[in-house]
Amino acid sequence: MPNFFRVAWLVMRKDLTIEARSWEMVSTTLFFAVSCVLVFSFAFVRAGQPVEGAAAGILWIAVAFSGTLALGPTFDRERHHDALRGLLLAPVERSAIFFGKFLGVVLLMTAVEVVVAVLVALLFQAPLAAHAWWVAALLMLGNVGFAAVGTLFAAMLVRTRSRSVLLPILLYPITLPALIAGVMGTSALLQAEPNLDLARLWAAMLLCFDAVFTTLALWTFEPVMTE
Amino acid sequence: MICMMQSQRMFAALSVAGLVMFAAAPLLIAQAPYESTMGLIQKIFYFHVPGWIVMFLAVFIAGIASAIHLFRNRPAADRLALAAAELAVVFGLIGLVTGPLWAIKAWGVWWQWEPRLTMSLILELTMCAYLLLRRYGGPGSDKLAAGVAIFAMANVPFVYLSVNIWRTIHPATSVVPQLAGSAPGMFGPFVWCAVAFLVLFTAMMAARTRLEAQRAHVERLHLALEER
């Protein structure tokens, strides 16, 4: 088991080192997320005031869209010089490789979310800071579910031709339950009278999704990646 | 060859049984008692609920067969999964069409964004995604699609339970199990229709898997011919 986490750590560190040197994914994903929020600001602002209850949806849609953008390159960059084959041939557990990639995606999405959440709070006058810990917990739980399914699907599709089209097609229907829980939980916190019980229920729901999806992803990564 | 003859005979028998059952179904539904508040429109349930039952069954068959294909590498299981996934989309469409027809009369709107409906739509989309991946995924997409089918199966319990967790306006899942006691006149036709849908589903599964098996056989022959 310690070996599992060591491999995962090494894979994640490799990805983060590439990222720290190029800033490719953070910059593009962040720019895309901010553009998303801006597009929504035109749709959901009436007479200078944001439409009531729109902030939670905007936050989560920006997260989902930019997350999809971040998932593609995670495995795509392994295609150069056949790095993917080298990675898969390494005498380590395949699920550990998946776990490392998954952690990288979670960290990247978290970095983007910090900026997007602040932006949504400022631009849409959403009281996200009032229950900052609850919002953070919901976002983290959503991240884990989204990244688990997304990393697996991105890995699966890396060898197919139309991967950029197929990734969102496969990803959204499966992760929608998690996104619904995220949006509903966040809007429960953003109401005029925050409903903590409801937020807790949705967080529990997200936790169930995460447990099921992460287990399934760890379980199916090995056979799916076998050539 | 014997196996193929058997499956052909099974398909014929199931088709005849299905045909007879569906021919008799309208008569049974017509003589069933009217529901006190909804009246005539309630009779759509005799097709709506069996449609969803068969759809859920098909999703489970696709998921389990996909898991067998993914972990044991059995092409026969993959053919079963593909057939079940296609039928899941077909029967899901029956549910998605009959549902709004009932809703416009009972709720006054075609569609309600409540969890049960939303999750059913998600499930239907997931199965469509499975078929899209099979169609456009290129070589090796059977294994990838198998992964998607397993995820779709994991979604089913969330769909079924959602109506009980959230308080919604969709008739609860306890209506059907209680039907035998609360409305015995409706229970008979309902079971008849549910069995008719299951027979139809089995017949279509038999035909579809046989088609895939023969397609694989032709491919093998083609390869053998090329090698000569």
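Refer to the structure above for everything that follows.
This section reports on the structure supplied with the text. The numbers attached to residues start from 1 for each chain and follow its sequence in the written order. Lettering for chains starts from A, numbering for ligands starts from 1, and both go in the order in which the items are written. Predicted model: local features are reported for residues with pLDDT of at least 70 only, side-chain atom pairs are reported and counted for 80 or more only, and whole-chain, interface and lining totals are derived from all residues. Side-chain measures here rest on the full set of heavy atoms in the structure, leaving out hydrogens and waters.

1. Thoughts on the interface of chain A and chain B
Next, step 1: Residues count as neighbours in contact if any of their non-hydrogen atoms are within 4.5 Å of one another. With 28 residues of chain A in contact, the opposing surface of chain B contributes 24 residues.
Next, step 2: A buried area of about 2,400 Å², summed over both sides, lies between chain A and chain B, and 85% of it is on carbon and sulfur atoms.
Next, step 3: Salt bridges are counted wherever a side-chain nitrogen of Lys or Arg sits within 4 Å of a carboxyl oxygen of Asp or Glu. The interface formed by chain A and chain B holds zero salt bridges in total.
Next, step 4: Pairs of N or O atoms are called polar contacts if they sit within 3.5 Å, as long as, within protein, a hydrogen donor faces a hydrogen acceptor (for residues adjacent in sequence, only side-chain-to-side-chain pairs). Along the contact surface separating chain A from chain B lie one residue pair in polar contact (both at pLDDT 80 or more).
Next, step 5: Secondary structure elements are taken from DSSP: a helix is a run of H or I of four residues or more, a strand is a run of E of two residues or more, and numbering for both begins at the N terminus. Within the residue set of the side of chain A that touches chain B, elements represented by two or more residues are helix 6 (132-157), helix 7 (163-190) and helix 8 (196-224) of chain A.
Next, step 6: Ranked by the residues each element gives to the side of chain A that touches chain B, the list is headed by helix 8 of chain A, at twelve residues.
Next, step 7: Throughout, the ten residues Ala, Val, Leu, Ile, Met, Phe, Trp, Tyr, Cys and Pro are labelled nonpolar, Asp, Glu, Lys and Arg are labelled charged, and all others, Gly among them, are labelled polar. Partitioned by chemical class, the residues of the side of chain A that touches chain B number 24 nonpolar, three polar and one charged. Summed over both partners, the accessible surface that disappears when two parts come together, traced with a 1.4 Å probe, is what is meant by buried area.

2. Some words on the packing of aromatic side chains
Residues and elements named next belong to chain A.
Next, step 1: Note on aromatic contacts: the rings of Phe and Tyr and the six-membered ring of Trp form a pair at centre separations within 6.5 Å, being stacked when their planes are under 30 degrees apart, edge-to-face when over 60 apart, and tilted otherwise. Summed over all chains, the structure comprises 21 aromatic pairs over all chains.
Next, step 2: With 6.1 Å between their ring centres and 80° between their planes, Phe-5 and Phe-99 make a pair best called edge-to-face. A residue pair is termed long-range when its members are at least 10 positions apart, and Phe-5 in helix 1 (residues 2-22) and Phe-99 in helix 5 (residues 94-123) qualify at 94 residues.
Next, step 3: Relative accessibility decides the category of a residue: with a 1.4 Å probe and only protein chains considered, values under 20% of the type maximum give buried, values over 50% give exposed, and everything between is partly exposed. Overall, Phe-5 belongs to the partly exposed group, its relative accessible area being 45%.
Next, step 4: Phe-99 sits in the buried class, given a relative accessible area of 16%.

3. Digging into unusual backbone geometry
Residues and elements named next belong to chain A.
Next, step 1: Although it is not a glycine, His-81 adopts a positive phi angle of roughly 55°.
Next, step 2: Take His-81: it is sitting in the loop between helix 3 (54-76) and helix 4 (83-89).
Next, step 3: Despite not being glycine, Asp-82 has its phi angle at roughly 60°, a positive value.
Next, step 4: Tracing the backbone through its elements, the reader meets Asp-82 in the loop between helix 3 and helix 4.

4. Digging into a nonpolar patch on the surface
Residues and elements named next belong to chain A.
Next, step 1: There is a patch of nonpolar side chains on the surface, built from Leu-38, Phe-42, Val-114, Val-115, Val-118, Leu-122 and Leu-123 and spanning about 700 Å² of accessible area.
Next, step 2: At the level of elements, helix 2 (24-43) and helix 5 are the ones that each hand at least two residues to the nonpolar patch.
Next, step 3: Of all the elements, helix 5 adds the most residues to the nonpolar patch, at five residues.
Next, step 4: Its relative accessible area of 44% is what places Leu-38 among the partly exposed residues. Excluding any residue in a salt bridge, patches collect residues exceeding 30% relative accessible area, merging like charges within 9 Å and nonpolar Val, Leu, Ile, Met, Phe, Trp and Tyr side chains within 5 Å. The Shrake-Rupley method, run with a 1.4 Å probe sphere, supplies the accessible areas, and residue values consider only the shown protein chains as cover.

5. Some words on the packing of helix 5 of chain A against helix 6 of chain A
Residues and elements named next belong to chain A.
Next, step 1: Working convention: axes come from line fits to C-alpha atoms, limited for helices to the stretch in contact. Angles between N-to-C directions cover 0 to 180 degrees. Two elements in contact, helix 5 and helix 6, have axes whose closest approach is 9 Å; the angle formed by their N-to-C orientations is 135°. Viewed along their axes, helix 5 and helix 6 adopt a mutual orientation that is oblique. As helix 5 runs across helix 6, the sense of the crossing is right-handed. Between helix 5 and helix 6, the contacting residues are Phe-98, Lys-101, Phe-102, Val-105, Val-106, Met-109, Thr-110 and Glu-113 on the first element and Leu-139, Met-140, Asn-143, Val-144, Phe-146, Ala-147, Ala-148, Thr-151 and Leu-152 on the second.
Next, step 2: When grouped by side-chain class, the residues that make up the contact of helix 5 with helix 6 number twelve nonpolar, three polar and two charged. Any angle from 65 to 115 degrees is called roughly perpendicular, while one under 35 is roughly parallel, one over 145 is roughly antiparallel, and all others are oblique. Throughout, a crossing is termed right-handed when the near helix is turned clockwise from the far one, and left-handed when it is turned anticlockwise from it by less than a right angle.

6. Let's talk about the layout of surface pockets
Next, step 1: Approximately 680 Å³ is the volume attributed to the second largest pocket.
Next, step 2: Around the second largest pocket, the lining is made up of 28 residues, and of these Leu-176, Leu-179, Ile-180 and Met-184 of chain A together with Thr-118 of chain B lie nearest the centre.
Next, step 3: Secondary-structure elements contributing two or more residues to the lining of the second largest pocket are helix 3, helix 7 and helix 8 of chain A together with helix 4 (115-136) of chain B.
Next, step 4: Residue contributions to the lining of the second largest pocket peak at nine residues, all from helix 7 of chain A.
Next, step 5: The residue makeup of the lining of the second largest pocket, split by class, is 23 nonpolar, four polar and one charged. Cavity: a set of points on a 1 Å grid over the protein atoms alone where a 1.4 Å probe fits but cannot get out. Pocket: an open set with protein on both sides within 12 Å along at least five of seven lines, its lining residues, like those of a cavity, having an atom within 4 Å of a point. Grid points are joined across faces, edges and corners, and a volume is the space filled by probe spheres set on the points.

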